Amino acid sequence: MSKITYLDHSGFIVEDEEVIMVFDYFRDPSNALPHALNANPDKPVVFFVTHHHPDHYNKSIFHLAQNHRRTYVMSNDVHPQNVPDTLEVAGMSRGDVIENLPGGITVHAYGSTDAGVSFLVTTKSGKKIFHAGDLNDWHWQDESTMREVEEAGEHYMTIIKRIASEVPEMDVVFFPVDVRQGSDFARGAREFMTAVKVHDFFPMHFSGDYRKACDFSEYEVPGTTCHCLHNPGESIDL
């Protein structure tokens, strides 16, 4: 069983039997992370940073969880400075794989349509967890030219087809559903879940009214359960 907690924006905590995983920590207004750490004093913590944008990477992560074994898995477009030599920091680019991380997890880095990478984490029990970072079909149908829309879609689908060919089924997916995109805000999520069989889907990167992003009738596909964690600190057990 895993416990998933929403931090804010694209940030999540995933607690499983072996390890605490923290994805794209930006801020933690509900202090959910200290609570998770205090409840699991003996578990290692792995921080994931998909890219350098300040709403996905907060330098304060190097000062968190100091009483735990800490590992940092970061896109190579992040250039951390003044990081203590005692910390375990691994940089990743698209196509890289790191095995035998704390808790027995393996990480594959896939592409992004924006900065950095997306991460697929395989846990010791075999569960597959995907954090998209800023991977999405980023276009604005209501403002862009048809050619711009087509180019964005082609770039996105090239990455998605590569992922689907290697990982046709995933247990947990965190994926942008950004209502600022207008009428096509849910297109990327729908295309992802059409290409990859997803058991549990979590929208993120709302940047707008969460109620629209959590209107799953816009993009939910049969066989997938969508969850709306929109209040910082909100959790669910899977």
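Use the structure listed above.
This text gives an overview of the structure that appears in the document. (Residues numbered from 1 in each chain as written. Predicted model: local features only at pLDDT ≥ 70, side-chain atom pairs only at ≥ 80, totals over all residues. Heavy atoms only, no water.)

## A closer look at the state of the cysteines
Right, on to step 1. Summed over the entire model, instances satisfying the criterion amount to one disulfide.
Right, on to step 2. The residue that forms a disulfide with Cys214 is Cys228, at a sulfur-sulfur distance of 1.9 Å. With the S-S bond torsion at 75 degrees, the cross-link from Cys214 to Cys228 turns out right-handed. Here Cys214, found in the loop between helix H4 (210–213) and strand E13 (225–226), pairs with Cys228, found in the loop between E13 and strand E14 (235–237); they are 14 residues apart in sequence, far enough to count as distant.
Right, on to step 3. Cys214 gets classed as buried once you look at its relative accessible area, which sits at 14%.
Right, on to step 4. A relative accessible area of 22% means that Cys228 is categorised as partly exposed.
Right, on to step 5. Free of any disulfide, Cys226 has its nearest cysteine sulfur in Cys214, 9.1 Å distant. (Disulfide = S-S within 2.5 Å. Helix = DSSP H or I, 4+ residues; strand = E, 2+ residues; numbered from the N terminus. Buried < 20%, exposed > 50% of the residue type's maximum accessible area, 1.4 Å probe, protein only.)

## Focus on the sheet that holds strand E2 (residues 11–15)
Right, on to step 1. Spatially, seven strands are ordered E6-E5-E4-E3-E2-E1-E14 in an open sheet, and the strand pairing comes out mixed. Of all the strands in the sheet, the pair left with one neighbour each is strand E6 (88–92) and E14. Recorded for the sheet is a direction-independent mean angle of 15 degrees between the axes of neighbouring strands.
Right, on to step 2. Contacting strand E1 (3–8), E2, strand E3 (20–23) and strand E4 (45–49), helix H1 (residues 32–39) runs over the sheet at an angle of about 15 degrees to E2. (Pairing = 2+ DSSP bridges. Axes fitted to C-alpha atoms, helices over the stretch in contact; angles between N-to-C directions. Contact = heavy atoms within 4.5 Å.)

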